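The residues making up each chain are set out below.
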Amino acid sequence: MRVAVFGAGYVGLVTGACFADIGHDVVVRDVVAEKIDALRRGKVPIHEEGLDDLLEHNRERLRFTTDVDESVEGAEVVYVAVGTPPTYSGDADLSAVWTVVDELPRVDRRIVVAMKSTVPVGTGRTIRHRLDERGLENVGYVSNPEFTAEGTAVRDFKHPDRIVIGAFDPADAEVVERVHAGIDAPVIHCDVASAEMIKLAANAFLMTRISFINEIANVCEATGADVVKVAEGVGLDHRLGPHFLRAGIGYGGSCFPKDSLALKQLASNSGYHFQLLAAVIEVNELQKRRVIGKLERRLGSLRGKKVALLGLAFKPGTDDMRESPSLVLAGRLLAEGADVSAWDPVADGRVHLDGVHIADSALDALDGADAAVLVTEWPELGELDWAEAGARMRKRLLVDGRNMLDPSEMRALGFDYEGIGRAVE
Ligand SMILES: NC(=O)c1ccc[n+]([C@@H]2O[C@H](COP(=O)([O-])OP(=O)(O)OC[C@H]3O[C@@H](n4cnc5c(N)ncnc54)[C@H](O)[C@@H]3O)[C@@H](O)[C@H]2O)c1
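The structure reproduced in this document is the subject of the present report. (Residues numbered from 1 in each chain as written. Predicted model: local features only at pLDDT ≥ 70, side-chain atom pairs only at ≥ 80, totals over all residues. Heavy atoms only, no water.)

## A few points about unusual backbone geometry
Not every positive phi belongs to a glycine, and Phe244 is a case in point at roughly 55°. Tracing the backbone through its elements, the reader meets Phe244 in the loop between helix H10 (227-235) and helix H11 (256-269). Among the residues examined, Phe244 registers a relative accessible area of 37% and is labelled partly exposed. Even without being a glycine, Asn403 presents a positive backbone phi close to 50°. Inspection of the secondary structure assignment puts Asn403 in the loop between strand E13 (397-400) and helix H18 (407-412). You can call Asn403 buried: its relative accessible area is 11%. (Helix = DSSP H or I, 4+ residues; strand = E, 2+ residues; numbered from the N terminus. Buried < 20%, exposed > 50% of the residue type's maximum accessible area, 1.4 Å probe, protein only.)

Structural data, given as structure tokens:
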């Protein structure tokens, strides 16, 4: 099939590459000319495991363009994977989505627009009206939300838990199901609004689990239990399962924070106060800041103290720093007058962290530090020579924000080690 993909970001590139890998002929369109030029030269603008190889391997079935007509020409399906960032009010900013809808050329055959961007419930209905107003009745509309996670997106795309297809017309749903031929997963057919809500509800539920276990961790700290053991014992209950029960310094990224805000705002715009989600969001905000309290309890005032942030990306396997806890931590530390150094194997801190010294290696970031905070559980940090790290630091204080390291091993190396929701010695 011929497939057009609007948006060459984290979702659009993975979508394009994976559909090309299935055997479809794909044209990816973006508005950023430099991005398209780079992709044409074989340079991949993001860090995503397996993506470079997939793009390279499927070169003859993939084209990149800034031109709308070129991308839509001959396409049966037009995927929309443009950004939907939060606005000041917390609502999703749909301006890029509307631009795509308004740019769609008139075609004399049936094409299906498939929405992969995460949008508020009701967006599909409004888009349908807009298409009809433009006289584009032969353009079908389907909500086909994306559930991939950065860092494992290629694998997630090829082996999804489910494919959700919400359509106004069953014939359009059938076209989108055909695009996925070869991908073995249950297909959920439903109406457009329900498909939109499945995406928002799934994300909200994952965030709820994270904030839940983080609150359990905080109570563990107050009562002497160990959240790692607690999560293991809870997660073995088949009704609950082990996923998203890792206590830490809170979720970040380009999706969870904005999608939770958008759902809360969507509910509130519809006259409903979504209390549980409001609490999930607040717990997450406070969780990121609790690290500062941990540091202050050990170091007193942070003014003039050197603190190293290890890991800047919102999670390992990506260079994405959008809404990363590292941004909040760096901001709070600088506001307290600390001297902040940081390191990440792929994320470019120079772009986002004014006033922070970006080191070339984790060990360099730790040079002369009074404390280190493990922010992102990069495998490199598990393998770091912590004896050498300790020798480089002025004080061996380590807050492990992801409970990644073994507390007893770290203490044996002379570290004053503190995790999240674990016994403090
Ligand atoms: N990042 C994820 O892991 C993930 C997972 C599931 C869903 N989503 C959702 O998918 C959507 C895209 O997310 P992302 O992380 O890929 O965003 P992104 O910011 O990485 O990429 C969006 C791309 O769209 C381009 N764009 C903007 N206007 C355009 C237009 N008119 N035509 C073509 N391209 C245009 C931008 O230049 C950018 O390259 C969002 O709604 C997000 O919530 C993201």
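Anyway, onward from the coordinates.
## Details of the sheet that holds strand E12 (residues 371-374)
Adjacent strands of a sheet pair through backbone hydrogen bonds, lying either parallel or antiparallel. If you walk across this open sheet you meet the six strands as E11-E10-E9-E12-E13-E14, and the pairing is parallel. Because the sheet does not close on itself, it has two edges, and the strands there are strand E11 (357-358) and strand E14 (416-418). Pairing between strand E9 (residues 306-310) and strand E10 (residues 339-343): five bridges, direction parallel. Considered in E10, the bridge of Lys306 is made with Asp339. Along the sheet, helix H12 (residues 275-299) contacts E9, E12, E13 and E14; its crossing angle with E13, the most-contacted strand, is approximately 160°. The strands touched by helix H13 (residues 325-335) are E9, E10 and E12; relative to E9, the strand with the most contacts, the crossing angle is about 175°. (Pairing = 2+ DSSP bridges. Contact = heavy atoms within 4.5 Å. Axes fitted to C-alpha atoms, helices over the stretch in contact; angles between N-to-C directions.)

## Some thoughts on the pairing of strand E4 (residues 77-80)
Burial along E4 is two-sided: Val77 and Tyr79 facing one way and Val78 and Val80 facing the other are all buried. Sheet analysis places E4 next to strand E5 (residues 111-115), joined by four bridges and oriented parallel. Within E5, the position partnered with Tyr79 by the bridge is Ala114. Tracing the backbone out of E4, into helix H5 (residues 95-103) and back to the parallel element E5 gives a crossover that is right-handed. (Right-handed = clockwise from strand over helix to strand, strands pointing away.)

## Comments concerning H5
Along H5, the residues classified as buried are Val97, Trp98, Val100 and Val101. Summarising the axial view, the buried residues of H5 lie within an arc of 155°, below the 170-degree limit, and thus occupy one face. Buried residues along H5 sit against strand E1 (2-6), E4, E5 and helix H6 (123-133). (Arc of directions from axis to C-beta.)

## What to know about the packing of helix H9 (residues 192-223) against H10
Taken N-terminus to C-terminus, the directions of H9 and H10 make an angle of 135°; their axes are 9 Å apart at the nearest point. One way to sum up the angle between H9 and H10 is to call them oblique. Where H9 crosses over H10, the two elements pack in a sense that is right-handed. Contacts between H9 and H10 involve Ile213, Ile216, Ala217 and Cys220 from the former and Val227, Val230 and Ala231 from the latter. Partitioning the contact of H9 with H10 into residue classes produces seven nonpolar, no polar and no charged. (Parallel < 35°, antiparallel > 145°, perpendicular 65-115°, else oblique. Left-handed = near helix turned anticlockwise from the far one by under 90°. Nonpolar A, V, L, I, M, F, W, Y, C, P; charged D, E, K, R; others polar.)

## Remarks on the nonpolar core
In this structure, Leu295, Leu309, Leu333, Leu366 and Trp386 are the most contacted members of the largest nonpolar core, which totals 56 residues. The residues contacting Leu295, other than those within four sequence positions of it, are Gly300, Leu302, Val307, Leu333, Ala371, Val373, Leu397 and Val399. (Core = buried A, V, L, I, M, F, W, Y, C linked by side-chain atoms within 4.5 Å.)

## Notes on the environment of Gly252
Following the sequence through the fold, Gly252 ends up in the loop between H10 and H11. Along the sequence, Gly252 and Ile22 sit 230 residues apart, while their C-alpha atoms lie 31 Å from each other. Ignoring sequence-local partners within four residues, the contact set of Gly252 consists of Pro257, Phe314, Arg322, Glu323 and Pro325.

## Describing the side chain of Asn144
Inspection of the secondary structure assignment puts Asn144 in the loop between strand E6 (139-143) and helix H7 (153-158). A distance of 2.6 Å separates the side chain of Asn144 from the side chain of Tyr79, its partner in a polar contact. Look past the residues within four positions of Asn144 in its chain and what remains in contact with it is Tyr79, Ala114, Met115, Lys116, Ile163, Val164, Ile165, Val176 and His180. (Polar contact = N/O pair within 3.5 Å; in protein donor to acceptor, adjacent residues only side chain to side chain.)

## Section: the sheet that holds E4
Spatial ordering of the open sheet is given by E3-E2-E1-E4-E5-E6-E7-E8, a layout of eight strands whose pairing is mixed. Among the strands making up the open sheet, the edge pair consists of strand E3 (62-65) and strand E8 (187-190). Direction aside, neighbouring strands of the sheet carry axes that sit 25° apart on average.

## Describing the side chain of Glu418
Among the secondary structure elements, Glu418 is positioned in strand E14. Taking relative accessible area as the criterion, Glu418 reaches 6% and is therefore assigned buried. Beyond its immediate chain neighbours, meaning those up to four positions away, Glu418 contacts Lys294, Arg298, Leu398, Val399, Asp400 and Val424.

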